[in-house]
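Here is what each chain is made of, one letter per residue.
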Amino acid sequence: MHTKFYQMEERKVRVRFAPSPTGPLHMGGVRTALFNYLFAKKNGGDFLLRIEDTDQTRFVKNAEAYIVESLKWCGIKVDEGIGVTPEGPYGPYRQSDRKPLYKQYAYQLIESGNAYFAFDTPEELAALRTKGEQEKVPFVYNHKTRMELCNSLTLSKEEVEKRLNSGEHFVIRFKMPENQNVDLYDEIRKDVHFNTDELDDKVLYKSDGMPTYHLANVVDDYLMKITHVIRGEEWLSSMPLHVLLYRAFGWEDVMPKFAHLPLILKPQGQGKLSKRDGDKLGFPVFPLFWVGDDGETAQGYRENGYLPEAFVNMLALLGWNPGTEQEIFTMDELIQAFSLERVGKSGSRFDPEKTKWFNQQWIHRTSSSKLAEMFMPILKEKNISASTDYVVRVCDMIKERAVFVQDLWTNGYYFFEAPQSYEPKDVKKRWKDNAAEKIQATLEFLENETDYTSKVLEEKTMAFIAKNEFNVGQICNCLRLAVVGACMGAHLFDIFEMIGKEETLKRVRKALKNISVEE
Ligand code: GLU
C-alpha cells in the first residue's frame, strides 16, 4: 500500500481544517484543528482553514467568525485560507465562493462513466422510502435499484438531453462500482476493508450548481494540494467514497493520506460528548461563549475563566499520548512531541475535573503580569480602579490557589475593597475572651507605627503581642477578620502593606464597631 504514495514523501505537508459553519465549534472540532496544526508544524508544513458551507440549509451566520476567533484564542495559527489569505494561493477558501468551479468536475465524472444524471423527484424518493419502511427493506439508491429509477442510465440519450435543456431539476450521482472489495489504509485505524455493495450512489452535485460535501471536499483537497486528511471519526464512513472519487478522477497518485481521530466521549457512559452533557454536569463544550441568531446561548471555556494554554493542553491529551508521564505541555512542546502514531483508536473520555486541574496548573505557570491582564477587566466591571503594578502584586500573592481567573477576585477581593460582612463561624470562634479589648490595644499600637512594610510590621507586632502576653493566633485571626472578613487569604502583614496604613486602621476600627455590636 505504502509504495503507492512514493510521490507524497516529496511533497510539502499541507493539512486543512474544514469545518461547516452550522453553529458554535464544538471542542471536538477544536481538537481536530489542533491535531492538524500540530502535525503540520511538526513536519514543517502548512495549516489551512477552509469553510465547507455547501449545505446552505444548515448555514449559521456567526459560525465562521466564531471558528476564526476560537482558533486565535487557542493559539492555533492558520497559515493559509479564511482570515489570513482569503484569495490565494489556492483560494477562495469558502466553498460557496468556489461554486462555479465544481461543475466541470461533476461533468468529468459523467463523461468518464463514473457518475450519472438522476431526475427522480424528492416526492418519488420519499414514496420509495416509505414503501421500503413498510416492507422492511430499506430503500437505497444503488446498483440494485438504479436501473429501475429515473436517470441517465435508464432514459434514452434524447430524453436526457431534453430534460437537461428544459431546465428540469436533476442531481448527479456517483455510480458506485458493483461488488468490489476495496482495501484502504488509515494512519490511525490501519487497514480498513469494505465492499462497494455496502455503499449507495451518493449525490455529488445538484442542478442549482451546488456540489455536495463529498464532491467539494475531494475536489478542494486535490486543488489545494492537501497531503493529509486528519478529521473526526464520523467521517470514516465517507472515506471509501472519497478514495473511489480520487480513483475516478485519476488523482490517486496525489491522494492524501487519511487519519480519523477517535471520538471524545461523555464523562460517564457511552457516546459522543454533547452540549447536553455539559449543561447537565456544568461544564462548557465550546471554546468561547456563543450567542446564536435565535438568541440561544452556550457557555465557553474562555468566559468561564480557563486559560487557552490549559484548554489546549487538555485537548491534546484526549486521544493522543506522549508515551511518557509528562502531562503539562506548552504548544511548542506539543509540536515537538506530536505524532499520529501515538493517537489511539478508541474514544477518550472527557474529564471535567482533570480539565480544572490543568487550568490550575496553568494559572500557576502563567506570569502574574499576564494574569493581571485578565483580572483587570473583572475589576473594571466592579468599578474598581487599581494600578497594573498593584494588580500584578496581588496576582503574585494569590495565584497559587486559583483554579479559574475569577478566583483571583473570590480569593483576593480584600486587596481592593473592605469586607462587607464578617464570617459568623470565624467570629464565633475567634472574637471572644476580651477580643475587642485586645484588638483595641493592638489598634492603638498600629496607629503609632509608621513603617508598614510587611516584614518590619510583622516583627514589631509580634513583639507587641509578646509584651502584652496576648495569644498570637487570636490577635492575628481577629485582625484577619477585620481586614478580610474571614479567616482566609494571603499573609496578614502582606495585606497590611498592600492596602496601606490608613485602610488597615479603617478596617480594624470598623470591625471593632461592627463585630462588638453583633456580639
Ligand atoms: N466539513 C466537514 C466537517 O464539518 C469536514 C470533514 C473533513 O474534514 O473532511 O467536519
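Above this note sits the structure.
These lines cover the structure that appears in this document, whether it is placed above or below. (Residues numbered from 1 in each chain as written. Predicted model: local features only at pLDDT ≥ 70, side-chain atom pairs only at ≥ 80, totals over all residues. Heavy atoms only, no water.)

Structural notes on helix H4 (residues 122-134)
Three- or four-residue spacings in an α-helix give side chains the same orientation, since the helix completes a turn every 3.6 residues. The end-to-end C-alpha distance of H4 is 18 Å, a good match for the 18 Å that 13 residues give at a rise of 1.5 Å each. Downstream of H4 by a residue or two, Lys136 has a phi angle that is positive, lying close to 60°. (Helix = DSSP H or I, 4+ residues; strand = E, 2+ residues; numbered from the N terminus. Expected span 1.5 Å × (residues − 1).)

What to know about the site of the ligand
As a structural note, the neighbourhood of the ligand is formed by Arg16, Ala18, Pro19, Ser20, Glu52, Tyr213, Asn217, Arg231 and Trp235. Within the side chain of Ser20, a nitrogen or oxygen atom sits 3.0 Å from a nitrogen atom of the ligand. Tyr213 is positioned with one of its side-chain polar atoms (N or O) 3.0 Å from an oxygen atom of the ligand. Contact with the protein chains covers 86% of the free accessible surface of the ligand, which is 290 Å². Of the residues assigned to the shell around the ligand, the class counts are four nonpolar, two polar and three charged. (Near = heavy atom within 4 Å. Polar contact = N/O pair within 3.5 Å; in protein donor to acceptor, adjacent residues only side chain to side chain. Areas by Shrake-Rupley, 256 points an atom, 1.4 Å probe, with all protein chains shown as cover. Nonpolar A, V, L, I, M, F, W, Y, C, P; charged D, E, K, R; others polar.)

As for the nonpolar core
A general feature of soluble globular proteins is that nonpolar side chains tend to end up buried together. In this structure, Met27, Phe47, Ile76, Phe415, Phe416 and Trp431 are the most contacted members of the largest nonpolar core, which totals 156 residues. The element contributing the most residues to this core is helix H19 (residues 492-518), with eleven residues. When residues no more than four places from it in sequence are discounted, the contact partners of Phe415 are Tyr390, Val394, Met397, Ile398, Ala490, Ile495, Met498 and Ile499. Grouped together as the second largest cluster of nonpolar side chains are eight residues, Ala118, Leu125, Tyr141 and Val171 included. (Core = buried A, V, L, I, M, F, W, Y, C linked by side-chain atoms within 4.5 Å. Buried < 20%, exposed > 50% of the residue type's maximum accessible area, 1.4 Å probe, protein only. Contact = heavy atoms within 4.5 Å.)

Examining the packing of helix H16 (residues 435-448) against helix H18 (residues 472-484)
The N-to-C vectors of H16 and H18 enclose an angle of 75°; their axes lie 10 Å apart at closest approach. Regarding the angle of H16 to H18, the classification is roughly perpendicular. Contacts from Ala435, Lys438, Ile439, Thr442 and Leu446 in H16 reach Gln474, Ile475, Cys478 and Leu479 in H18. Among the residues making up the contact of H16 with H18, the classes are represented as six nonpolar, two polar and one charged. (Axes fitted to C-alpha atoms, helices over the stretch in contact; angles between N-to-C directions. Parallel < 35°, antiparallel > 145°, perpendicular 65-115°, else oblique.)

Observations regarding the pattern of salt bridges
Any two side chains of opposite charge can pair, so long as their charged atoms come close to each other. Throughout the structure, instances matching the rule amount to 31 salt bridges. Ionic pairing is found between Asp220 and Arg50, a salt bridge with its closest N-O pair at 3.9 Å. In this pair, Asp220 is assigned in helix H6 (residues 213-223) and Arg50 in the loop between strand E2 (46-49) and helix H2 (63-74), connecting sequence segments 170 residues apart. A residue is classified by how much of its surface remains accessible, and Arg50, at 0% relative accessible area, is buried. (Salt bridge = Lys/Arg side-chain N within 4 Å of Asp/Glu carboxyl O.)

Observations concerning the environment of Leu244
As for its placement among the helices and strands, Leu244 is situated in helix H7 (residues 239-249). For the pair Leu244 and Arg163, spaced 81 residues apart in the sequence, the C-alpha separation amounts to 28 Å. Apart from residues lying up to four places away in sequence, Leu244 is in contact with Phe174, Met176, Pro177, Val182, Phe194 and Thr196.

Some details on unusual backbone geometry
Most of the time, phi is negative for any residue but glycine, and the peptide bond is trans. Along the chain, Gly88 connects to Pro89 via a cis peptide bond; the corresponding omega equals 0°. Relative to the helices and strands, Pro89 resides in the loop between strand E3 (80-81) and helix H3 (103-111). The amide bond that connects Gly91 to the next residue, Pro92, takes the cis arrangement and shows omega of -5°. With respect to the element layout, Pro92 can be found in the loop between E3 and H3. With phi around 45°, Asn179 is a residue other than glycine that occupies positive phi space. Relative to the assigned elements, Asn179 resides in the loop between strand E5 (171-174) and strand E6 (181-186). Judged by its relative accessible area of 52%, Asn179 is exposed.

Remarks on the packing of H3 against H7
Packing of H3 against H7 brings their axes to within 10 Å, and their N-to-C directions diverge by 75°. The angle between the axes of H3 and H7 places the two elements in the roughly perpendicular class. Of the residues in H7, those touching H3 at Tyr105, Gln108 and Leu109 are Leu245, Ala248 and Phe249. Among the residues forming the contact of H3 with H7, the class breakdown is five nonpolar, one polar and no charged.

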